[in-house]
Amino acid sequence: MADVRVLVENVVSQGTEDTSVFFSPVWVGFHDGSYNLFNIGGTATPGLERLAEDAIFEPTDDFSETISTEFAASGAGSTAGVVSSPGGPFALGSLGVGAFNVDETQGRYLTYGSMILPSNDAFIGNESPLAIEVFDNGGNLLEVDFTVTGERVWDAGTEENDENPENTAALGQTTPNTGTAENGTVRLHPGFIGSEREDGDEPGGILEAREDADFTTENDGANFEIARITVLEDRVGDADNNRISGTALPDSIFGLAGDDTLNGLDGRDWVVGGRGNDLLRGGDGDDILEGRLGFDRLLGGDGDDILRGGQGRDRLNGGAGNDTLMGGASIDFFIFNTNDTFDTDDVGVDTIKDFNQGQDFILLDKTTFAAITSDPSSRTEPGFSVSGEFDLVATDAAAATSDAFIVHSIESGNLYYNPDGATAGFGNGGQFANVLPVLTADDFIIRA
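Residues numbered from 1 in each chain as written. Predicted model: local features only at pLDDT ≥ 70, side-chain atom pairs only at ≥ 80, totals over all residues. Heavy atoms only, no water.

S.K.: Lay out the overall build of the chain with the relevant residues and their values.
M.R.: Along the chain, the regular secondary structure elements total five helices and 29 strands. Taken against the 2.2 N^0.38 rule, which gives 22 Å for 448 residues, the C-alpha radius of gyration of the chain at 24 Å falls within 12% of a compact globule. Judged by the C-alpha coordinates and their principal axes, the chain covers about 70 × 60 × 35 Å. In the chain, which comprises 448 residues, the proportion classed as buried is 52%. Of all intrachain contacts in the chain linking residues separated by at least 6 positions in sequence, the fraction that spans at least 24 positions is 52%. (Helix = DSSP H or I, 4+ residues; strand = E, 2+ residues; numbered from the N terminus. Rg over C-alpha atoms; globule rule 2.2 N^0.38 Å. Buried < 20%, exposed > 50% of the residue type's maximum accessible area, 1.4 Å probe, protein only. Contact = heavy atoms within 4.5 Å.)

S.K.: Requested: an account of the nonpolar core, with residues and values cited.
M.R.: By size, the foremost hydrophobic cluster in this structure holds 36 residues, and its most contacted members are Val6 and Ile116. Put simply, the parts of the chain that give this core at least two residues each are strand 1 (2-10), strand 3 (26-31), strand 5 (95-102), strand 6 (109-117), strand 7 (122-125), strand 8 (144-149), helix 3 (205-209) and strand 11 (225-236). With residues near it in sequence (within four places) discarded, Ile116 still touches Val21, Phe22, Phe23, Ala122, Phe123, Ile124, Val153, Phe192 and Ile226. Core analysis: the second largest hydrophobic core is formed by 33 residues, Phe336, Ile352, Ile372 and Leu415 among them. (Core = buried A, V, L, I, M, F, W, Y, C linked by side-chain atoms within 4.5 Å.)

S.K.: Please give an account of the sheet that holds strand 18 (residues 297-299) that cites residues and values.
M.R.: Taken together, the eight strands give an open sheet; going across it, the order is 12-14-16-18-20-22-24-29, and neighbouring strands pair in parallel fashion. Of all the strands in the sheet, the pair left with one neighbour each is strand 12 (243-245) and strand 29 (444-447). Averaged over all pairs of adjacent strands, the angle between strand axes in this sheet comes to 15°, irrespective of strand direction. Inspection of the sheet shows strand 16 (residues 279-281) paired to strand 18 by three bridges, in the parallel sense. In the strand pairing of strand 18, Arg281 is matched with Leu299. (Pairing = 2+ DSSP bridges. Axes fitted to C-alpha atoms, helices over the stretch in contact; angles between N-to-C directions.)

S.K.: Lay out the side chain of Glu389 in plain terms, naming residues and giving numbers.
M.R.: As for its position among the elements, Glu389 is in the loop between strand 24 (361-365) and strand 25 (390-393). Within the buried set, Glu389 has no salt-bridge partner at all; the shortest N-O distance to an opposite charge, 7.1 Å, is to Lys366. With near-sequence residues (within four places) excluded, Glu389 lies in contact with Ala371, Ile372, Thr373, Ser374, Phe384, Ala404, Phe405 and Ile406. (Lys, Arg positive; Asp, Glu negative; His and termini not counted. Salt bridge = Lys/Arg side-chain N within 4 Å of Asp/Glu carboxyl O.)

S.K.: Report on the environment of Gly87, specifying residues and quantitative values.
M.R.: Here Gly87 lies in the loop between strand 4 (79-83) and strand 5. Gly87 sits 62 residues away from Pro25 along the chain, and the two C-alpha atoms are 9.5 Å apart.

S.K.: Give a detailed account of helix 2 (residues 67-74), specifying residues and quantitative values.
M.R.: When we look at burial in helix 2, the residues that qualify are Ile67, Ser68, Glu70 and Phe71. Across the axial projection of helix 2, the buried residues extend over an arc of 165°, all falling on one side. Pointing more than 90 degrees away from the buried face of helix 2 are the exposed residues Ala72 and Ala73. Those residues of helix 2 that are buried lie in contact with strand 3, helix 1 (46-54) and strand 4. Once helix 2 finishes, Gly75 follows within two positions and takes phi at roughly 70°, a positive value. (Arc of directions from axis to C-beta.)

S.K.: How would you sum up the pattern of salt bridges? Please name residues and give values.
M.R.: All chains considered together, the criterion is met by 16 salt bridges. Residue Arg108 is joined to Glu133 by a salt bridge in which the shortest nitrogen-to-oxygen separation is 2.6 Å. Of this pair, Arg108 sits in the loop between strand 5 and strand 6 while Glu133 sits in the loop between strand 7 and strand 8, and the two are 25 residues apart along the sequence. A relative accessible area of 18% means that Arg108 is categorised as buried. Beyond isolated ion pairs, a larger network of salt bridges with shared partners links Glu49, Arg50, Glu53 and Asp54.

S.K.: Mind laying out the environment of Gly157, listing which residues take part and the relevant values?
M.R.: As for its placement among the helices and strands, Gly157 is situated in the loop between strand 9 (153-155) and strand 10 (187-188). When the C-alpha positions of Gly157 and Thr338 are compared, they lie 53 Å apart, and in sequence the two are 181 residues distant. In this view, Gly157 contacts Asp121, Glu182, Asn183, Gly184 and Thr185; residues no more than four positions away in its chain are not counted.

S.K.: Give me the pairing of strand 3: which residues, what numbers.
M.R.: Burial within strand 3 is extensive, with six of its six residues counted as buried. Neither face of strand 3 is exposed, since Val26, Val28 and Phe30 on one face and Trp27, Gly29 and His31 on the opposite face are all buried. Alignment of strand 3 against strand 4, held across five bridges, turns out to be antiparallel. Its bridge partner lying in strand 4, Trp27 is registered against Val82. As defined by bridge partners, strand 3 adjoins strand 6 across five bridges and the pair is classed as antiparallel.

S.K.: Give a detailed account of the packing of aromatic side chains, specifying residues and quantitative values.
M.R.: In total, this model carries 22 aromatic pairs according to the counting rule given. Judged by centre distance (6.2 Å) and plane angle (45°), the rings of Phe334 and Phe355 are tilted. Placement of the pair is Phe334 in strand 22 (residues 333-336) and Phe355 in the loop between strand 23 (350-352) and strand 24, with a sequence separation of 21 residues. You'll find Phe334 and Phe355 in the same group, each marked buried. An angle of 75° between the planes, with centres 6.4 Å apart, marks the rings of Phe342 and Phe432 as edge-to-face. One end of the pair, Phe342, is in the loop between strand 22 and helix 4 (344-347); the other, Phe432, is in strand 28 (residues 430-435), with 90 residues separating them in the sequence. Considered together, Phe342 and Phe432 belong to a single accessibility category, that of buried residues. Cluster of aromatic residues (ring-pair linked, three or more members): Phe336, Phe342, Phe369, Tyr417 and Phe432. Above the face of the Phe63 ring, Arg50 is positioned so that its terminal group lies 4.4 Å from the ring centre. Cation over ring: Arg315 sits above Phe333, and NZ or CZ is 5.2 Å from the ring centre. (Phe/Tyr/Trp six-rings, centres within 6.5 Å; stacked < 30°, edge-to-face > 60°. Lys NZ or Arg CZ within 6 Å of the ring centre and 35° of its normal.)

Spelled out as structure tokens, the structure:
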């Protein structure tokens, strides 16, 4: 038996949480290769109908046949469950993870399914039971990390796509199974009313409510990312001061108690410190690092990483890539340092999601931001000793001609390094972060 985790992320590539499409919790089942969720051109099972119309996975008083009962009756596998985000459905940017103990032979393959929201009966899932191989013939875990796009959104053919709010989940429907029966077959979804694929003259109920929810844009949906699903190998420490490293495959690494050093290495890793003052390194890949309790150091490395400090005074450095940084409670330091002069490829553009003014600090290292001449500063005496080296401007355009070396745009929240000063453009600098609220010089610490 193998302990694995299934990580799900909403990676919708356009719009915001309020304007784009999202999806329900995700049902997953590990099986021997014989469990078939659906066939294109075939009739949806009662379990698929409940998944696609109402995101119901387990039996209720009203529905005895669901995806979970059908999977159990198939005899194809015994390990299945539902992965949810902390809020249930997966809104833009949200994450969820589920833990599973899997037989490497009987659970060699993975099938998943989730309802697209809002919709009448749109869903994502793999048609072929052999499409996602998790273990090889020898029981060795394989790399499973894939993105579902708009060209793989299906229509269950069980409910008419009228998009009337009272019939459409997440739009206005209050009870399940209230739409008009279609009595059709499973097919590629035709697109919401008014979408590029549907080609209607006017938007229907869904695109009126969520203007960026058209998953058929971007090359007929081929480049419209919706969900990213990764299978992680579990590695768990103990109460001691552990040093745990991952593999070339995606890993989930938990330090638990103690002052741990956790290294994700290659692949997309989920690294969690737990209690103690931990050092977390993501390495290569788009990693997720969570410090949780303690005074933790989080180093993203390469890739577009997500760093969450948690409770305690944490230090976050995203490294290369466009990272998302969240300090959490207490005083946090968002560090920009590459141990070399500024290069946009080494820094990326990081988004600081929860900057707490008067508590958190942005730390700029003078090796990287070499134009800065201000003396080193500190948490108790922050800021720039040369007052003209930081500037607040109204627009992004004004940032490129500011006299200051560090410039924050009120218009967008973009934060720029401008080593050429008032000379037009940013020279060898550029944008390196996005952060709100409006910053002041005292939000920065300069490090030699």
